[in-house]
Amino acid sequence: MALPEFSMRQLLEAGVHYGHQTARWNPRMGEYIYGDRNGIHILDLTQTVPLLDQALKIVRDTVAKGGRILFVGTKRQAQKPIAEAAEKCAQYYMNHRWLGGTLTNWKTISASIQRLKQIDEVLAAGAEGLTKKERLNMERDQAKLQASLGGIREMGGVPDLLFIIDVGKEDLAILEAGKLGIPVVAVVDTNCSPKGVTHIIPGNDDAARAIALYCDLIARAALDGMSAQLGAAGVDLGALDAAPAEEAVVEAAVEA
């Protein structure tokens, strides 16, 4: 495998260059703005291309060293691609809503994850001995906990890197990451501040095609890092060719 490649044409077709209305701009993003068209700011893709490439390398290197990546995107159009991308590369995600203390109070979050696992076990065993009302309440708790914590239930500790769509909406996640010194790779639109973002990807954070493109590239970069990690550990990737490349890498990672 290799670091995923992309072209400026792909970015253009996905609408990555479209910012927000000029009246809503954040001056801190001024250096990444090429100009405006019909009252809409246009981002300078000649800067986005190398910055996105740099972000992909950071993701790959983090995973290659055995690090964990947390994908974060709770806005409606980001929820599905964020979850699918994280699952594709055996990483973790939060796509329902950011729970305060997810990073800075991991002990409490861990207790909630354990509660979810216990409920799963009880219900999987048939919920013997519970009344109908008790079972219904437990199923409701399970649904709430699964929505909030399902994507991080196997993370086992704070992540080594965050990948974020829409820094304006996920400001609490960035704040918590900053307190713990966890680097942040994030898509930053023209109406947002890049403060707290370690590796900026200037781009549209609303268009479905743009979000899908970012998530796919980040996931593939993580898979490349996993491939490098397994190669360094002496796992023969050639012996896994019978399965699709991505599935093979994930399976080998689980076995390792």
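The notes below deal with the structure included here.

Considering the sheet that holds strand β7 (residues 184-188)
- If you walk across this open sheet you meet the five strands as β5-β4-β6-β7-β8, and the pairing is parallel. In this open sheet, the two edge strands, each paired with only one partner strand, are β5 (92-94) and β8 (199-202). Each strand axis lies, on average, 20 degrees off the axis of its neighbour in the sheet, ignoring direction.
- When strand β6 (residues 161-165) meets β7, the two strands line up parallel, connected through four bridges. Note on β7: the bridge partner recorded for Phe-163 is Val-185.
- In the packing of helix α3 (residues 76-88) onto the sheet, the strands contacted are β4 (69-72), β5 and β6, and the crossing angle to β5 comes to about 165 degrees.

Here we look at the nonpolar core
- The biggest cluster of nonpolar side chains holds 39 residues, and the ones touching the most others in it are Val-16, Leu-56, Phe-71, Ile-82, Phe-163 and Ile-165.
- Contributing elements (two or more residues each) for this core: α1 (8-14), α2 (45-64), β4, α3, β6, β7 and α7 (208-232).
- In terms of residue count, the dominant contributor to this core is α7 (13 residues).
- Setting aside its immediate chain neighbours within four residues, Phe-163 contacts Leu-70, Phe-71, Val-72, Ile-82, Val-185, Val-187, Ile-201, Tyr-214, Cys-215 and Ile-218.
- Ranked by size, the runner-up nonpolar core spans 35 residues in total, among them Leu-162, Ile-164, Ala-173 and Val-197.

Quick word on helix α6 (residues 171-180)
- Ala-173, Ile-174, Glu-176 and Ala-177 are the residues of α6 that are buried. Summarising the axial view, the buried residues of α6 lie within an arc of 165 degrees, below the 170-degree limit, and thus occupy one face. Facing away from the buried side of α6, by more than 90 degrees, are the exposed residues Gly-178 and Lys-179.
- In this structure, the buried side of α6 is in contact with β6 and β7.

Concerning the packing of α2 against α7
- Interaxial distance between α2 and α7 falls to 7 Å at its minimum, and their mutual angle equals 40 degrees. For the element pair α2 and α7, the recorded crossing hand is right-handed. Within the contact between the two elements, α2 uses Leu-52, Leu-56, Val-59, Arg-60, Val-63 and Ala-64 and α7 uses Leu-217, Ile-218, Ala-221, Ala-222, Asp-224, Gly-225, Met-226, Ala-228 and Gln-229.
- Taken together, the residues that form the contact of α2 with α7 break down as eleven nonpolar, two polar and two charged.

Thoughts on helix α4 (residues 106-124)
- The end-to-end C-alpha distance of α4, which contains 19 residues, comes to 27 Å, matching closely the 27 Å that a straight helix rising 1.5 Å per residue would cover.
- Every buried residue belonging to α4 is among Trp-106, Ile-109, Ile-113, Leu-116, Ile-119, Asp-120 and Leu-123, and all of these are buried. The buried residues of α4 occupy one face: seen down the axis, they fall within an arc of 135 degrees. For α4, the exposed residues set more than 90 degrees away from the buried face come down to Lys-107 and Glu-121.
- Elements in contact with the buried residues of α4: α5 (132-149).
- Where α4 terminates, the next one or two residues include Gly-126, which has phi positive at roughly 100 degrees.

How each quantity is defined
Residues numbered from 1 in each chain as written. Predicted model: local features only at pLDDT ≥ 70, side-chain atom pairs only at ≥ 80, totals over all residues. Heavy atoms only, no water. Pairing = 2+ DSSP bridges. Helix = DSSP H or I, 4+ residues; strand = E, 2+ residues; numbered from the N terminus. Axes fitted to C-alpha atoms, helices over the stretch in contact; angles between N-to-C directions. Contact = heavy atoms within 4.5 Å. Core = buried A, V, L, I, M, F, W, Y, C linked by side-chain atoms within 4.5 Å. Buried < 20%, exposed > 50% of the residue type's maximum accessible area, 1.4 Å probe, protein only. Arc of directions from axis to C-beta. Left-handed = near helix turned anticlockwise from the far one by under 90°. Nonpolar A, V, L, I, M, F, W, Y, C, P; charged D, E, K, R; others polar. Expected span 1.5 Å × (residues − 1).

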